[in-house]
Amino acid sequence: MSGMGVKKSLAWMGGTSLFGQVITWTVTIVVARLLSPEDYGIVAISGLYTVFAHTVCLMGVSAAVVQADEISDYQIRALYGFSILTGVIMFGIGLLAAPLMAWAFNDPRLTALVSFQNIVFLVGAPKSLQWSLLARETRFDAIAKIETGSRIITSFCALSMAAAGFGYWTLASQWILIEFFQLIGFSYYRPVRPTFLIRWAEVSELLLFGLKILARKSIAQLYSKVDVFIFGKLASPAFLGGYTFAKQLTNMPFEKIINIINRVLLPYLAKDKSDHERMREWTLKVSYLQVLFLVPFYYVLFFCAEEAILILLGESWAAAVLPLRIFCLMNIFKLAESYVMVALTALGRITEQVKFVFMQLVLVGGAILGISLWQGIEASLYVWITVYPVLCLLFSGILLKAIGLGIGTVFKRVRRTLAAQALLIAALVYMQYVVEGPMWQTLIVKLAVAGGVYLTGLALLDRRRIMQTLDFVPAFRKAGIGG
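Predicted model, so just to flag it, every value in this text is computed and none were measured.

**What about the overall build of the chain?**
Phase 1 of the analysis: Helix and strand counts for the chain stand at 21 helices and zero strands.
Phase 2 of the analysis: In summary, the chain has a C-alpha radius of gyration of 22 Å against a globular reference of 23 Å for 483 residues, a match within 12%.
Phase 3 of the analysis: Counting every position in the chain, which comprises 483 residues, the buried fraction comes to 55%.
Phase 4 of the analysis: Summarising the internal contacts of the chain: among those between residues at least 6 apart in sequence, 85% fall at separations of at least 24.
Phase 5 of the analysis: Total accessible area computed for the chain in this model is approximately 20,800 Å², and 67% of it derives from carbon and sulfur atoms.
Phase 6 of the analysis: In the chain, the 41 positive side-chain charges and the 27 negative ones have mean positions that sit 6 Å from each other.

Right under this line is the structure:
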């Protein structure tokens, strides 16, 4: 596999993403203040069809291309033509589905909204294959430039639309604009000439692997949207908007950091899939970095949720505080799930993923529906910090068993960091009772004390770990991992 090493790939993807996200998330907060929770709620409902259908449209081809040991020029051209055809077909199906969505949720606005969002199928499917080719070639510098540039341009387009009074159409347009700008960029860096004369015998193996990925992702999409469907039927659009924005805010590390890391890691994990010693070291390194950098973010956001929502978004978003706290705790376990997914994909173990996601759909979705009808919407939120963590731990055990890694070994790698985080939590709990004053002052004090306590705890408990925090790239070199 030619191209960049993992250290340089992560540097490009992480560095440009950090620059882009400072801009895009600043714009996102401003846009949220200009719009209403109801605007986010109606777009979340329209996404029930388009997000799921987009997953079907992609057919798992991207992961199949990255994972394949060898792929010919004809196979690339045929798969690109196949992607274009599936995009057109899904666009036509979406036009038929739009009025059904409006009828199902008793909201005539959904007819035009879903019909408009169908445009994403025409650009998203071919773009996905071009991304996978660049990833396979480990050309993550090109990917980083395209993705960051498209998100920045789209952010300013969205800001202009929100300021001009376009309302929920602002949110509906963002996904389409990002996909469109990325298609232009990927077509420049990795042009592909499609063929529509598809010899199925030559692409069947890739498509079969892609269908396995599709089965997992389709069930995952149903699972990820089951709460939106339930709340879309039982709750007000304003509650749904606050809920989905809180989910989006806590998913920020996954969209902006974890997904980038996972996409960079997949080609390298696939290369090392037969070397379990290397897979164990990858797993220990990723576990450590997740605990070191990301888990504290969720602790701090949990204790600062009220100040963050009311200061950044205003009183109209107060209903988002409880969901935000719930998702902070839930996403600590989601960190483990996200890496297990990519590692099992690299190992080619898709069946286990499908079973796990189906179990999530049934147990988590069923619990949310049952508790919503029995005790109310807010009570059902606690499913995310009771049922979901248990499933994540069971799922993580599948990977650990597959690569011969004990949970005790993982705990030993992160135990000092967890001890420093115990000090962080104690400090945050103490400040809940003693810090008073305006919200912005309270937020600044909490952030300053939390950062100081955590860094001090790391320095006292394990000085070597704090040096790794300040020297991220050499952390990979010392582990013997990299290009």
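Still more ground to cover, so stick around.
**Remarks on the packing of aromatic side chains**
Phase 1 of the analysis: Per the stated rule, a full pass over the model turns up 20 aromatic pairs.
Phase 2 of the analysis: Ring geometry for Tyr40 against Trp317: centres 5.3 Å apart, planes inclined by 80 degrees, an arrangement best described as edge-to-face. Here the residue Tyr40 occupies a position in helix α2 (residues 37-58), and Trp317 occupies one in the loop between α13 (305-312) and α14 (321-346), the gap between them amounting to 277 residues.
Phase 3 of the analysis: Residue classification places Tyr40 among the buried positions, given a relative accessible area of 8%.
Phase 4 of the analysis: Centre to centre, the rings of Phe356 and Phe395 are 3.8 Å apart; their planes meet at 5 degrees, and the pair counts as stacked.

**Re the nonpolar core**
Phase 1 of the analysis: Residues Phe231, Tyr339 and Trp384 are the most contacted members of the largest nonpolar core, which totals 105 residues.
Phase 2 of the analysis: Excluding its chain neighbours within four sequence positions, the residues that come into contact with Trp384 are Tyr223, Asp227, Tyr243, Ile326, Phe327, Met330, Val364, Ile368 and Pro389.
Phase 3 of the analysis: Formed by 23 residues, the second largest nonpolar core is a distinct cluster that contains Ala68, Leu183, Ile198 and Leu207.

**A short note on the side chain of Thr170**
Phase 1 of the analysis: Relative to the elements of secondary structure, Thr170 occurs in helix α8 (residues 168-189).
Phase 2 of the analysis: Residue Thr170 is classed as buried on the basis of its relative accessible area, which comes to 0%.
Phase 3 of the analysis: Apart from the residues within four sequence positions on either side, Thr170 is in contact with Val31, Leu35, Ala158, Met161 and Ala162.

**Observations regarding the packing of helix α9 (residues 200-234) against helix α10 (residues 237-250)**
Helices that pack against each other are described as a pair by the angle of their axes relative to one another and the distance between those axes.
Phase 1 of the analysis: With their axes 10 Å apart at the nearest point, α9 and α10 run at an angle of 160 degrees to one another. Looking at the two axes, α9 sits roughly antiparallel to α10. Crossing of α9 against α10: the hand is right-handed. Only Phe239, Leu240, Tyr243, Thr244 and Lys247 of α10 make contact with α9, whose side of the interface consists of Ser224, Asp227, Val228, Phe231 and Gly232.
Phase 2 of the analysis: The class makeup of the residues in the contact of α9 with α10 is five nonpolar, three polar and two charged.

**Here's the deal with the environment of Tyr80**
Phase 1 of the analysis: Mapping Tyr80 onto the fold places it in helix α4 (residues 73-104).
Phase 2 of the analysis: For the pair formed by Tyr80 and Gly451, sequence separation is 371 residues and the distance between their alpha carbons is 48 Å.
Phase 3 of the analysis: For Tyr80, the residues in contact, after removing those within four places along its chain, are Pro126, Leu129, Gln130, Leu183, Ser187, Val192 and Pro194.

**Some thoughts on a nonpolar patch on the surface**
Phase 1 of the analysis: Together, Ile311, Leu312, Met439, Trp440 and Ile444 line one region of the surface with nonpolar side chains, adding up to about 460 Å² of accessible area.
Phase 2 of the analysis: Residue assignment for the nonpolar patch shows that the elements contributing at least two residues are α13 and α19 (439-461).
Phase 3 of the analysis: No other element matches the three residues that α19 contributes to the nonpolar patch.
Phase 4 of the analysis: Turning to its location among the elements, Met439 is positioned in helix α19.

**Re the packing of helix α15 (residues 350-374) against helix α17 (residues 387-403)**
Phase 1 of the analysis: One way to put it is that α15 packs onto α17 with a least axis distance of 11 Å and a crossing angle of 170 degrees. In terms of their interaxial angle, α15 and α17 are classed as roughly antiparallel. In contact with Glu352, Gln353, Phe356, Met359, Gln360, Leu363 and Val364 of α15, α17 contributes Val387, Tyr388, Leu391, Cys392, Phe395 and Ile398.
Phase 2 of the analysis: Of the residues assigned to the contact of α15 with α17, the class counts are ten nonpolar, two polar and one charged.

**Details of the pattern of salt bridges**
Phase 1 of the analysis: Taken as a whole, this structure holds ten salt bridges when the rule is applied.
Phase 2 of the analysis: The salt bridge partner of Asp272 is Arg278, with a shortest N-O separation of 3.5 Å.
Phase 3 of the analysis: Arg278 sits in the partly exposed class, given a relative accessible area of 24%.
Phase 4 of the analysis: Of the charged contacts, one joins Glu307 and Lys446 as a salt bridge, the two residues approaching to 2.9 Å between their closest N and O atoms.

**Quick look at the confidence of the model for the chain**
Phase 1 of the analysis: Residues of the chain with pLDDT of at least 70 account for 90%, and the chain-wide mean is 85.
Phase 2 of the analysis: Per-residue pLDDT, averaged within each element of the chain, yields its smallest value for helix α21 (residues 472-478) (43) and its largest for α17 (95).
Phase 3 of the analysis: Residue range residues 472-483 is modelled with pLDDT below 50. Its contacts to residues more than four positions away, or to other chains, number 24 contacts.

**Thoughts on the environment of Val65**
Phase 1 of the analysis: Relative to the elements of secondary structure, Val65 occurs in helix α3 (residues 61-67).
Phase 2 of the analysis: Measuring from C-alpha to C-alpha, the distance between Val65 and Leu133 comes to 7.1 Å, with 68 residues separating the pair along the chain.
Phase 3 of the analysis: Not counting the four nearest positions on each side in its chain, Val65 is found in contact with Ile71, Leu79, Leu129, Ser132, Leu133 and Arg136.

**Observations regarding α15**
Phase 1 of the analysis: Between the first and last C-alpha of α15 there are 36 Å, a value that for 25 residues agrees with the 36 Å anticipated at 1.5 Å per step.
Phase 2 of the analysis: Buried within α15 are the following residues: Ile350, Gln353, Phe356, Val357, Gln360, Leu361, Val364, Gly365, Ala367, Ile368 and Ser372.
Phase 3 of the analysis: The inward-facing, buried residues of α15 abut α9, α14, α16 (377-380) and α17.
Phase 4 of the analysis: Note on α15: the residue one or two positions beyond its end, Gly376, has a positive phi of about 110 degrees.

**Quick look at the environment of Ser380**
Phase 1 of the analysis: Secondary-structure assignment places Ser380 in helix α16.
Phase 2 of the analysis: With relative accessibility at 0%, the residue Ser380 sits in the buried group.
Phase 3 of the analysis: Each C-alpha atom of the pair Ser380 and Ile146 lies 40 Å from the other, and the pair is 234 residues apart in sequence.
Phase 4 of the analysis: The contact partners of Ser380, leaving out residues within four places of it in the chain, are Phe231, Ile368, Ile371 and Ser372.

Criteria and cut-off values
- Residues numbered from 1 in each chain as written.
- Predicted model: local features only at pLDDT ≥ 70, side-chain atom pairs only at ≥ 80, totals over all residues.
- Heavy atoms only, no water.
- Helix = DSSP H or I, 4+ residues; strand = E, 2+ residues; numbered from the N terminus.
- Rg over C-alpha atoms; globule rule 2.2 N^0.38 Å.
- Buried < 20%, exposed > 50% of the residue type's maximum accessible area, 1.4 Å probe, protein only.
- Contact = heavy atoms within 4.5 Å.
- Areas by Shrake-Rupley, 256 points an atom, 1.4 Å probe, with all protein chains shown as cover.
- Lys, Arg positive; Asp, Glu negative; His and termini not counted.
- Charge placed at Lys NZ, Arg CZ, Asp CG, Glu CD.
- Phe/Tyr/Trp six-rings, centres within 6.5 Å; stacked < 30°, edge-to-face > 60°.
- Core = buried A, V, L, I, M, F, W, Y, C linked by side-chain atoms within 4.5 Å.
- Axes fitted to C-alpha atoms, helices over the stretch in contact; angles between N-to-C directions.
- Parallel < 35°, antiparallel > 145°, perpendicular 65-115°, else oblique.
- Left-handed = near helix turned anticlockwise from the far one by under 90°.
- Nonpolar A, V, L, I, M, F, W, Y, C, P; charged D, E, K, R; others polar.
- Patch = residues over 30% accessible without salt bridge, like charges linked within 9 Å, V, L, I, M, F, W, Y side chains within 5 Å.
- Salt bridge = Lys/Arg side-chain N within 4 Å of Asp/Glu carboxyl O.
- pLDDT = per-residue confidence, 0-100.
- Expected span 1.5 Å × (residues − 1).

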